[in-house]
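# Commentary on secondary and tertiary structure
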Amino acid sequence: LSLVASGALVAGMAATVTAVGAGAAAAADLNRDFVYTCNVVAAGLPLGDHQVGVNARVTVPDQVAPGEVIPTRKTQITLTLPETLRNATYGLLGARSASGYSNDSSISVTAEGVPDTFTYPIANLAADWSPVPPDASTPWQIPTEGDVPPITVPSTEDYPNLELPTDAVIHM
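Sequence order sets the numbering: in each chain, residues are counted from 1 along the sequence as written. A pLDDT threshold of at least 70 governs which residues receive local features in this predicted model, and a stricter bar of 80 or more applies before side-chain atom pairs are shown or counted, although totals over entire chains, interfaces and linings include all residues. Each side-chain value is worked out from all heavy atoms of the structure, with water and hydrogens disregarded.

## Brief notes about the confidence of the model for the chain
Interpretation of the predicted coordinates at a detailed level should be avoided for regions scoring low in pLDDT. Cut-off, in case you're wondering: One confidence number per residue, pLDDT, is output by the predictor and ranges from 0 to 100. Strands here mean DSSP runs of E at least two residues long; helices mean DSSP runs of H or I at least four residues long; both are numbered from the N terminus. Pairs of residues are marked as contacts when any of their non-hydrogen atoms sit within 4.5 Å.
Counting all residues, the mean pLDDT for the chain is 79, and 80% of those residues have values of 70 or more. Per-element confidence in the chain ranges from a low mean pLDDT of 30 for strand E1 (residues 2-5) to a high of 94 for strand E12 (residues 140-148). In the model, residues 1-23 has pLDDT below 50 throughout and makes 102 contacts with residues more than four positions away in sequence or in other chains.

Quick look at the structure:
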C-alpha cells in the first residue's frame, strides 16, 4: 500500500527569523502542529479528501545576515491519519503497513520590505513502511523526513527597500 499526498503541504507552520547586519546565529528548533486536507490514493483507489494532523519540525538559525545562505537541512513531518482512513486501509484494503511520499510539499518565506514570496520545495519527503494499527485504540502516525534546500537571505542589494533588522516568516 502506498499513500500519496496530492495536496501541497504549505499552510500551517510559521516561524520568524530575524535578519541582522552581523553576528553569530543560534539554532531555533521549530515544532508546530496543524491540520491540512490531503487527497488520498491508496493501492490505486481514490479514498478522497481527509483531514490529516501534521507535526512539522525543523531547526533554523534564529538570526541571519543579508545574503547569507542557510544550508540544506532536514525537516521531519509526522502525519496523524484520521480513523476513517485507518479503518478503510486496514479493513477494506487489508493493508497492514503503509509508506508514502509527497512530491509537492514546500515552504514559503516572506520578509518585511521584500515584495516577493519565496517558495522552496521540500525534496525527498517520504515515509518508510510503518504499521497500520488494527483498531482505533492506537493513533495511526506516519513519520516522514525531507530536505529543505539552501535558502539565500534577501539583501538590500537585491531589495533596496529592505530595512534591517527585519523579520522573515517561514510558512510550512
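## A closer look at the packing of aromatic side chains
What counts here: Aromatic rings from Phe, Tyr and Trp, taking only the six-membered ring of Trp, are treated as a pair when their centres fall within 6.5 Å; an angle between ring planes under 30 degrees marks them as stacked, one over 60 as edge-to-face, and anything in between as tilted. In this analysis the charged atom, NZ for Lys or CZ for Arg, is taken to sit over a ring once it is within 6 Å of the ring centre and within 35 degrees of the ring normal.
Taken as a whole and assessed by the stated rule, the structure comprises one aromatic pair. Above the ring of Tyr90, the side-chain terminus of Arg96 is found at 3.5 Å from the ring centroid.

## Points about the pattern of salt bridges
This is how the line gets drawn: In what follows, salt bridge is the name for a side-chain nitrogen of Lys or Arg lying within 4 Å of a carboxyl oxygen of Asp or Glu. Here the term buried applies to any residue with accessible area under 20% of the maximum for its type, exposed to any over 50%, and partly exposed to those in between, with areas from a 1.4 Å probe on protein chains only.
All told, the structure shown has two salt bridges when counted by the stated rule. For Glu83, the salt bridge goes to Arg86, with nearest N and O atoms at 2.8 Å. Here Glu83 and its partner Arg86 are both found in helix H1 (residues 83-92), three residues apart, which amounts to about one turn of the helix. The exposure class of Glu83 is partly exposed, given its relative accessible area of 36%. Here Arg86 falls in the buried class, since its relative accessible area comes to 5%.

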